[in-house]
Amino acid sequence: MKTALYESHVRLDAQIVDFAGWQMPMRYSSTIEEHHAVRKHAGMFDVSHMLTVDFEGSQSSLFLGKLLASDVNKLAIDGQALYTVMLNERGGIIDDLIVYRLHESSFRIVFNAGVAATDLEWVTAWRQTTGFSVSIRPRRDLSIVAVQGPKAINTVIEQLGCPLLREVQPFTSILHNNCFIGRTGYTGEDGVEIICPNVDAPRIWDQLLNAGVIPCGLGARDTLRLEAGMNLNGQDMTSDHTPYECALSWVLDLDASRNFVGQSALEETYRQGIATKLTGIVLQGGVMRSGYEVQSNAGSGTITSGSFSPTLGYSIALARVPRATTGECAVLIRNKQKAGRIVRPPFVRHGEKVHK
């Protein structure tokens with residue numbers, strides 16, 4: 001499959017790879033250059049492979065209150081958004097997502113590309129099971145352009161002629177012409193995600209490109225989100241792991257009146273005790289990768305995401321380890337132990353090192 005921006009990527013000589021069935025740019029120049037562009041000024045990503053879905057109807061908030069681990073009824077104002085997870089009956093994470101309130105009875109959710117079809121099947125099945133009055137409308141007629149970095153907001157304001165964006169707070173959104181603009185992102189930098197009709201996406205992309213915004217691929221998106229300590233679905237969180245094991249317990253709204261899918265299993269898991277946690281590791285003198293073994297004072301664990309950090313100049317990782325793990329650790333890289341240190345993510349905040 002190809003996004004509406006595919007030809008734009010080809011014209012820019014992007015390295016195209018298959019990602020979740022989509023032909024997507026891995027990089028245009030180099031991952032490190034694109035990474036630094038986002039940290040220092042502004043970069044943009046085509047994330048149209050993700051699926052925008054609109055939920056509409058008089059019982060849409062009740063329906064999403066059943067399906068999501070956070071309570072959408074706490075979104076009191078049109079345009080507000082929240083980050084949450086959708087769980088299976090065992091409390092495992094099907095997907096993490098952002099939900100926006102469009103109106104009192106209308107919400108917009110963006111599903112991750114790799115699980116979009118599964119998500120859609122899941123919510124459709126639950127609508128049939130619950131009988132709630134809600135329509136579920138996949139929006140493959142829409143593209144998503146993420147513009148991230150310290151100069152992102154001002155550039156979007158200038159290029160889209162949208163001065164009201166200056167007043168938009170993080171995790172809120174506005175409508176401007178045919179664009180839905182949310183002040184959200186996956187890089188740890190300020191920025192927006194622009195959801196627009198497919199037909200308008202190439203024009204908006206070219207406007208931003210001509211204004212000096214650097215096109216960035218999947219490679220930079222991964223190193224940026226890792227520095228920001230953000231989970232990757234399918235690696236750092238899976239349907240076999242609960243939010244307690246993925247450093248996401250903060251999204252849970254365990255109000256008994258809602259009884260969302262997976263809530264009972266979560267409460268039982270908590271009573272029994274949580275054996276593992278997702279934490280950060282920093283290491284110099286090697287590069288950590290997914291699947292590497294971690295040896296700690298509390299037992300062994302596994303790297304879930306690891307890479308070289310372009311901002312910091314050494315390797316960082318997220319790892320699932322025994323809950324009591326603290327302090328120094330060892331990471332097994334090509335059968336050799338490398339000394340690392342357990343830290344709490346994020347590793348980088350607004351371009352600055354978090355841990356000394």
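Everything that follows concerns the structure shown earlier in this document.
Predicted model, so just to flag it, every value in this text is computed and none were measured. (Residues numbered from 1 in each chain as written. Predicted model: local features only at pLDDT ≥ 70, side-chain atom pairs only at ≥ 80, totals over all residues. Heavy atoms only, no water.)

Caption draft 1: Expanded view of the state of the cysteines. Considering all chains together, one arrives at zero disulfides under this definition. This cysteine, C216, is not joined by any disulfide, and C196 carries the nearest cysteine sulfur, 17 Å off. With no disulfide of its own, C329 lies 19 Å from the sulfur of C246, the closest cysteine sulfur. We classify C329 as buried; its relative accessible area is 8%. (Disulfide = S-S within 2.5 Å. Buried < 20%, exposed > 50% of the residue type's maximum accessible area, 1.4 Å probe, protein only.)

Caption draft 2: Just the sheet that holds strand β8 (residues 135-138), in detail. Reading across from one edge, β5-β6-β7-β4-β8 is the order of the five strands in this open sheet, with antiparallel pairing throughout. Two strands close off the open sheet at either side, each with one partner strand: β5 (81-87) and β8. On average, each strand axis in the sheet is tilted by 30 degrees relative to the strand beside it, whichever way the strands run. Pairing between strand β4 (residues 51-56) and strand β7 (residues 106-111): six bridges, direction antiparallel. Bridging across to β7, F55 finds its partner in F107. Strands in contact with helix α3 (residues 60-67) are β4, β5, β6 (93-103), β7 and β8; relative to β7, the strand with the most contacts, it is inclined by about 35 degrees. (Pairing = 2+ DSSP bridges. Helix = DSSP H or I, 4+ residues; strand = E, 2+ residues; numbered from the N terminus. Axes fitted to C-alpha atoms, helices over the stretch in contact; angles between N-to-C directions. Contact = heavy atoms within 4.5 Å.)

Caption draft 3: The side chain of R320, seen in detail. Position of R320 relative to the elements: it lies in strand β17 (residues 314-322). Of the side chains bearing the opposite charge, E245 lies closest to the buried R320, which forms no salt bridge; the N-O distance is 5.3 Å. Among the polar contacts listed, one links the side chain of R320 to the backbone oxygen of D236, at a separation of 2.7 Å. The contact partners of R320, leaving out residues within four places of it in the chain, are Q235, D236, H241, E245, C246, T276, K277, L278, G301, T302 and T304. (Lys, Arg positive; Asp, Glu negative; His and termini not counted. Salt bridge = Lys/Arg side-chain N within 4 Å of Asp/Glu carboxyl O. Polar contact = N/O pair within 3.5 Å; in protein donor to acceptor, adjacent residues only side chain to side chain.)

Caption draft 4: Seen up close, the nonpolar core. Counting residues in each nonpolar core, the largest one holds 26 residues, and the members touching the most others are V147, L165, I181 and I194. For this core, the elements supplying multiple residues, two or more each, are β9 (142-148), α5 (152-160), β11 (179-182), β12 (191-197) and α6 (201-210). In this structure I181 touches L160, C162, L165, T172, S173, I174, H176, V192, E193 and I194, once residues within four positions along its chain are discounted. The next biggest cluster of nonpolar side chains, apart from the first, holds 24 residues, and it includes V53, A116, V123 and I136. (Core = buried A, V, L, I, M, F, W, Y, C linked by side-chain atoms within 4.5 Å.)

Just geometry here; none of it tells us what the structure is for.
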